[in-house]
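Observations on the model geometry
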Amino acid sequence: FYEYEDFKHNENEDGLRGNVYLSFNYKINETVSSSTTCYFQPLLDNLEEHRVRFQTGLDIFLTKTLSFDINFNVVQDTSLPKEVNPTDTDYLFG
């Protein structure tokens, strides 16, 4: 895919990135399922600049129309400015 990034105090960067991912879904039982996806997105003209994204989650179905979700995400980006932490994590409960 094509991207364009504009960081303050840093060179603008654009380029083509590849996108390779693996995904796994598993139904634990009738009310609980899990999913995990891992993406690798290298800059095609410089493979040392890449992103890795890992997403995993658990869905707990309380009723047919209501569920409780637990999600965890990690993103590693080697092409960010030096002032920016290259690893970002977040959790979602709801």
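Note: the structure precedes this text.
In this report, we go over the structure that sits alongside the text. Quantities reported herein were computed from a predicted structural model and do not represent experimental measurements. (Residues numbered from 1 in each chain as written. Predicted model: local features only at pLDDT ≥ 70, side-chain atom pairs only at ≥ 80, totals over all residues. Heavy atoms only, no water.)

**Describing the packing of aromatic side chains**
For the structure shown, the criterion picks out three aromatic pairs. Between the aromatic rings of Tyr21 and Tyr39, the centroid separation amounts to 5.4 Å while the plane-to-plane angle is 35 degrees, which identifies the pairing as tilted. Remark: Tyr39 occurs in strand β4 (residues 32–43) and Tyr21 occurs in strand β3 (residues 20–27); sequence separation between them is 18 residues. Ring geometry for Phe72 versus Tyr91: centroids 5.0 Å apart, planes at 35 degrees, classification tilted. Of this pair, Phe72 sits in strand β6 (residues 67–77) while Tyr91 sits in strand β7 (residues 87–93), and the two are 19 residues apart along the sequence. Given the relative accessible area of 24%, Phe72 is considered partly exposed. (Phe/Tyr/Trp six-rings, centres within 6.5 Å; stacked < 30°, edge-to-face > 60°. Helix = DSSP H or I, 4+ residues; strand = E, 2+ residues; numbered from the N terminus. Buried < 20%, exposed > 50% of the residue type's maximum accessible area, 1.4 Å probe, protein only.)

**Quick notes on a nonpolar patch on the surface**
On the surface, Leu62, Leu66, Phe68, Tyr91 and Phe93 cluster together into a nonpolar patch covering about 560 Å² of accessible area. Classification of Phe68 as partly exposed rests on a relative accessible area of 33%. (Patch = residues over 30% accessible without salt bridge, like charges linked within 9 Å, V, L, I, M, F, W, Y side chains within 5 Å. Areas by Shrake-Rupley, 256 points an atom, 1.4 Å probe, with all protein chains shown as cover. Salt bridge = Lys/Arg side-chain N within 4 Å of Asp/Glu carboxyl O.)

**A few points about the sheet that holds β4**
Through backbone hydrogen bonds, the strands of a sheet pair up, either in parallel or in antiparallel fashion. Here five strands make up an open sheet; going across it, the order is β3-β4-β5-β6-β7 and the pairing antiparallel. Looking at the sheet topology across the chains shown, the edges are occupied by β3 and β7. With strand direction ignored, the average angle separating the axes of adjacent strands in the sheet is 5 degrees. Where β3 lies against β4, eight bridges are found, and the strand directions are antiparallel. Within the sheet, the bridge partner assigned to Tyr21 lies in β4 and is Tyr39. (Pairing = 2+ DSSP bridges. Axes fitted to C-alpha atoms, helices over the stretch in contact; angles between N-to-C directions.)

**Regarding the pattern of salt bridges**
For the coordinates displayed, the defined rule picks out two salt bridges. Lys27 is paired through a salt bridge with Glu30; the nearest N and O atoms lie 3.7 Å apart. Of the two residues examined, Lys27 and Glu30, each falls in the exposed class.

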